[in-house]
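Remarks on the overall topology
In case you want the letters, here they are:
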Amino acid sequence: MGAYRGRFAPTPSGPLHFGSLVAALASFLDARQAGGHWALRIEDIDPPRCPPENTDIIKQQLTAFGLGWDGPVLYQHHRYAAYQQALDHLVNTNLAYPCSCSRRQWKAYDIYPGWCRHAICEPDKPVAWRLRSDRGLRPVTWEDRRFGTCRFDPAKLGDTVLKRKDGLWAYQLAVVIDDADQGINQIVRGADLLDNTPWQRQLQHALGLPMPYYLHLPLILGEDGQKLSKQNLAPALPLNEHQARPLLFQALAALKQYPPDELIHAPVDEQLAWGIAHWSPERLRCNAPTSA
Ligand code: GLU
């Protein structure tokens, strides 16, 4: 592998919360300990849900926590031509197809049953574009740095949407194209995306792109036992360094890094220097789920 290149890739549908801090911090520490590059990518492929002021807040939040990124920020709303080129390639190689079906029509099934695979069911209707998960790389396996060997059959996960009926791009395709174009070779992100990784690896394989390494982090749960998220109104991270200090300490603890008590009120740069020197992702290891 070449020099380490990692990234933090928030969706700016709201400000960052404690769960996003844990993902940002882990990928930052992992990159900095390796002397690597740490990019910021704004995943604003759904512009109505992602007003630009959220991106400004996210940058201020990262700055308050001392999480400085390298190089220019990449915005997915500038990247539609690259996504279209990739979709054209998948269509030409029979790995993507247009689909007119609505969720309502296949609600009796767990995954989309592939009715449009051979011909569009209702050719006069708007179409989404789906991946032929049954034709790509199967099974998909990788060595996750936290879960060990992961093995999935993407066909059991279904033909994921690559471009929506309203013309908006889907995360699965955009993330793969951008990681490759940014030369990202280490992905550190939440375990909520573990079962998206099989489609992403299928896409990398189909498009001849390099396969990055993955570390899927423990999810941070709220008091109700649910994953912290914008939907369940997780509080936004502060914008000033003083208020950031105890939260950064808690994030180091949530990553099982056991920071010494005296760091709790230390300036964020001091906490990060300790975090980089002591970063031990092995402490997060656990067993892998499988679907194949
Ligand atoms: N944009 C995604 C999110 O905010 C993260 C994507 C990724 O890390 O692959 O959940």
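As shown above, the structure is provided for reference.
I will try to describe carefully the structure that is included in this document. Predicted model only: the values in this text are computed from it and were never measured.

1. Digging into the overall build of the chain
A count of helical and extended segments in the chain gives 8 helices and 10 strands. Based on the C-alpha atoms only, the size of the chain along its principal axes is roughly 65 × 40 × 40 Å. In the chain, which comprises 292 residues, the proportion classed as buried is 50%. Within the chain, counting contacts between residues at least 6 apart in sequence, those at least 24 apart form 75% of the total. Measuring between centres, the 31 positive side-chain charges of the chain sit 7 Å from its 30 negative side-chain charges.

2. Brief notes about the packing of aromatic side chains
In this structure the tally under the stated criterion is 9 aromatic pairs. Centre to centre, the rings of Trp106 and Tyr112 are 5.7 Å apart; their planes meet at 70°, and the pair counts as edge-to-face. Here Tyr112 falls in the buried class, since its relative accessible area comes to 4%. Relative to Trp115, the ring of Tyr112 has its centre 6.3 Å away and its plane inclined at 75°; by these criteria the two rings are edge-to-face.

3. Some details on the site of the ligand
All residues in the neighbourhood of the ligand are listed as Arg7, Ala9, Pro10, Thr11, Glu43, Tyr171, Val175, Arg189 and Leu193. Within the side chain of Arg7, a nitrogen or oxygen atom sits 2.7 Å from an oxygen atom of the ligand. Ala9 has a polar backbone atom sitting 2.7 Å from a nitrogen atom of the ligand. Contact with the protein chains removes 77% of the 300 Å² of surface that the ligand exposes when unbound. Among the cavities detected, the one that contains the ligand is the largest pocket. Tallied by class, residues from the shell around the ligand come to 5 nonpolar, 1 polar and 3 charged.

Conventions used here
Residues numbered from 1 in each chain as written. Predicted model: local features only at pLDDT ≥ 70, side-chain atom pairs only at ≥ 80, totals over all residues. Heavy atoms only, no water. Helix = DSSP H or I, 4+ residues; strand = E, 2+ residues; numbered from the N terminus. Buried < 20%, exposed > 50% of the residue type's maximum accessible area, 1.4 Å probe, protein only. Contact = heavy atoms within 4.5 Å. Lys, Arg positive; Asp, Glu negative; His and termini not counted. Charge placed at Lys NZ, Arg CZ, Asp CG, Glu CD. Phe/Tyr/Trp six-rings, centres within 6.5 Å; stacked < 30°, edge-to-face > 60°. Near = heavy atom within 4 Å. Polar contact = N/O pair within 3.5 Å; in protein donor to acceptor, adjacent residues only side chain to side chain. Areas by Shrake-Rupley, 256 points an atom, 1.4 Å probe, with all protein chains shown as cover. 1 Å grid on protein atoms, 1.4 Å probe; cavity = no way out; pocket = protein on both sides within 12 Å on 5 of 7 lines; lining within 4 Å. Sits in = over half its atoms within 2 Å of the grid points. Nonpolar A, V, L, I, M, F, W, Y, C, P; charged D, E, K, R; others polar.

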